[in-house]
Amino acid sequence: MFEGFAKVWTPVTLAKKLKNKPLPVMLAGEKLVFFRGKDGKAAALIDRCPHRGVELSRGKITADGCLECPFHAWRFDGTGRACEIPLNPDAKKERLSATALATRELGGLLWVYTAPGIEDTGEPTVPDALTMPGVARNYLEIEWKAHWTRAMENMLDSPHVPFLHKATIGKFVRPQMREGSTMHVDWTDTEYGGRTTSRIDDHTDTGAYLDFYKPNIMVLNIPIPNKLFRMHSICVPVGPQAVRMIIVGARTFARASILNPIFNRQNLKIALEDQAIVESSFPAEIPPAVDEKSVRTDRATLQFRKYYYGTLKPEPTPKHSLNVVP
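All figures in this text were calculated on a predicted structure; none of them were measured in a lab.

1. Some remarks on the sheet that holds strand E8 (residues 82–84)
Taken in spatial order, the four strands make up an open sheet running E5-E6-E7-E8, and their pairing is antiparallel. Edge positions in the sheet fall to strand E5 (60–61) and E8, since each has one partner strand and no second. Pairing between strand E6 (residues 67–68) and strand E7 (residues 75–76): two bridges, direction antiparallel. Of the residues in E7, the one forming a bridge with Leu67 is Phe76.

Rendered as structure tokens:
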């Protein structure tokens, strides 16, 4: 279950999409269904009835806040407990549970822990700009035909910005470049993942940085004096060649909600610049670092590969695996 993406907290989709009906969502090859109980709290089950395997998302939410299977009307609460087994009053309900996942609603997102059960999962590490007060947020969700690891590396890759994004965000970087310029990329391990910074030649640090939150969140800090402006890119695995991209902007200026579509249009424009390139990657999933040639400016993406193949998808790795070309 959740192969290559197990035992981690991850955002899955936008919380505003979960209303008064079951919400089916695919995550890392597994079908999930979200629903709200009687208390309004979000819950997630594997979208499969334990009785005959039908999709629970085809059912309905009952007045008592349970999710009712459309086949035989078995009912389950947010913990997966069987609440009702029609025509079988003597059924041992404790043996007939659905599979529940620990679920949180934080920062306008629905999160789950990618392992069965709701106990002893800890809590997700949420970037602070998603929950701090006094911050306006705009949300965008799109899907790419790519493996999530390629999308994640793209979000951590600074060297492509002045080239692929030369008409958008890259235009702020290109003036620093000249023939023979050198980009310096640094990486610092953190409790949540890592922080990467970059600069060209001897240009001073601007205060911009990328934070990687394991397993699949990038936060770009855009320095503006006395203001907060951050972009969150979340790469949610869907299938072998499908990734749900959730982009969340957070700002302490221009906070009127009427402005959110303007920020979203710009974010979509940048995302579309990335999409076609990332979708063309072969193989679809990032390979071990030894299988592709890398250089010094790939430091952040190599750190991600080290994490991916060391933690999420461990496999034997050659001793000299970085294959960095000087």
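Continuing now.
2. Some points on the environment of Val33
Tracing the backbone through its elements, the reader meets Val33 in strand E3 (residues 30–36). Separated by 10 residues in the primary sequence, Val33 and Ala43 have C-alpha atoms spaced 8.3 Å apart. Setting aside its immediate chain neighbours within four residues, Val33 contacts Pro22, Leu23, Pro24, Ala43, Ala44, Leu45, Asp47, Leu56, Ser57 and Leu67.

3. Here's the deal with unusual backbone geometry
Residue Pro215 is reached from Lys214 by a cis peptide bond, and omega for that bond is 0 degrees. Locating Pro215 in the fold gives a position in the loop between strand E15 (209–213) and strand E16 (217–221). Residue Phe282 is joined to Pro283 through a cis peptide bond whose omega torsion reads -5 degrees. As for its placement among the helices and strands, Pro283 is situated in the loop between helix H3 (260–279) and helix H4 (299–312). With a phi angle near 55 degrees, Asp120 is a residue other than glycine that sits in the positive phi range. Relative to the assigned elements, Asp120 resides in the loop between strand E11 (109–113) and strand E12 (136–144).

4. Notes on the environment of Glu279
Its location among the elements puts Glu279 in helix H3. Remark: the alpha-carbon pair of Glu279 and Lys313, spanning 34 residues in sequence, is separated by 21 Å. Non-local contacts of Glu279, meaning those with residues more than four positions away in its chain, are made with Trp144, Lys145 and Ala146. Of the polar contacts made by the side chain of Glu279, one reaches the backbone nitrogen of Lys145; its length is 2.7 Å.

Calculation rules
- Along each chain, residues carry numbers from 1 onward, in the same order as the chain's sequence is written.
- Under the rules for a predicted model, residues below a pLDDT of 70 receive no local features and side-chain atom pairs below 80 are neither given nor counted, while totals for whole chains, interfaces and linings still include all residues.
- Hydrogens are left out, water is left out, and the side-chain values use all remaining heavy atoms of the structure.
- At least two bridges found by DSSP between two strands are what make those strands a pair.
- The helix count covers DSSP runs of H or I at least four residues long, the strand count covers runs of E at least two residues long, and both are numbered beginning at the N terminus.
- In what follows, a contact means two residues having at least one pair of non-hydrogen atoms within 4.5 Å.
- Under the rule applied, a polar contact is a pair of N or O atoms within 3.5 Å (in protein, one hydrogen donor and one hydrogen acceptor; residues adjacent in sequence only if both atoms are side-chain atoms).

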